[in-house]
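Here's the letter readout for the chains.
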Amino acid sequence: QVQLVESGGGLVQAGGSLRLSCAASGRTFSSYSMGWFRQAPGKEREFVAAITWSGGTTYYADLVKGRFTISRDNAKNTVYLQMNSLKPEDTAVYYCAAGVRFGWRVYEYDYWGQGTQVTVSS
């Protein structure tokens, strides 16, 4: 079992930056791939970024490539999402997820956090 708690969301102006954190419980954190997803009102949950257990491979949705960076610190059981050049369309609840597979689909992840709200004003 892995429990995930996101933090770092908030209100930011367009062009600004935020760093999300996801703290995981459990001693097996380093064996999981981690992903960030987001869900805007009335829309389906969508993939944002993923990172392998070692941090050696990352993958991004086209919409955030070049603006967002995913990273992890296995010693701290934490995964991060650095978000730069934020746009109003990035407004959503952001979720972190853990899974044994490295992928971009919702069903590939087994554990989910409760989400943190990110609001980007124009």
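These remarks concern the structure in this document. Here the structure is a predicted model, which is why all the values come from computation and not from measurement. (Residues numbered from 1 in each chain as written. Predicted model: local features only at pLDDT ≥ 70, side-chain atom pairs only at ≥ 80, totals over all residues. Heavy atoms only, no water.)

## A few points about the state of the cysteines
Point 1. Using the criterion set out here, one finds 1 disulfide in the structure.
Point 2. Sulfur-sulfur distance for the disulfide between Cys22 and Cys96 comes to 1.9 Å. Disulfide Cys22-Cys96: the torsion about the S-S bond is 45°, which places it as right-handed. Separated by 74 residues along the polypeptide, Cys22 in strand S3 (residues 18-24) and Cys96 in strand S9 (residues 92-99) bring together distant segments of the chain.
Point 3. By relative accessible area, which is 0% here, Cys22 ends up buried. (Disulfide = S-S within 2.5 Å. Helix = DSSP H or I, 4+ residues; strand = E, 2+ residues; numbered from the N terminus. Buried < 20%, exposed > 50% of the residue type's maximum accessible area, 1.4 Å probe, protein only.)

## A closer look at the pattern of salt bridges
Point 1. Under the defined criterion, the tally for this structure stands at 6 salt bridges.
Point 2. Across the pair Asp62 and Lys65 runs a salt bridge, and its minimum N-O distance is 3.1 Å.
Point 3. Given a relative accessible area of 67%, Asp62 falls into the exposed group.
Point 4. Residues joined by salt bridges that share partners form a network here, namely Arg38, Glu46, Arg67 and Asp90. (Salt bridge = Lys/Arg side-chain N within 4 Å of Asp/Glu carboxyl O.)

## What about the nonpolar core?
Point 1. Core analysis: the biggest nonpolar cluster contains 34 residues, and Met34, Trp36, Leu81, Met83 and Tyr94 have the highest contact counts within it.
Point 2. Counting residues per element, the ones that place at least two in this core are S3, strand S4 (33-39), strand S5 (46-51), strand S7 (68-73), strand S8 (78-83), S9 and strand S11 (116-121).
Point 3. Apart from residues lying up to four places away in sequence, Met83 is in contact with Gly16, Ser17, Leu18, Leu20, Arg67, Phe68, Tyr94 and Val118. (Core = buried A, V, L, I, M, F, W, Y, C linked by side-chain atoms within 4.5 Å. Contact = heavy atoms within 4.5 Å.)

## A few points about the sheet that holds S3
Point 1. Strand order in the open sheet formed by 4 strands is S1-S3-S8-S7, with antiparallel pairing between adjacent strands. Each edge of the sheet is formed by a strand with only one pairing partner; in this case those strands are strand S1 (4-7) and S7. This sheet shows a mean twist of 15° between the axes of neighbouring strands, independent of strand direction.
Point 2. For S3 and S8, the ladder comprises 6 bridges, and the chain directions are antiparallel. Paired with Leu18 across the two strands is Met83, which belongs to S8. (Pairing = 2+ DSSP bridges. Axes fitted to C-alpha atoms, helices over the stretch in contact; angles between N-to-C directions.)

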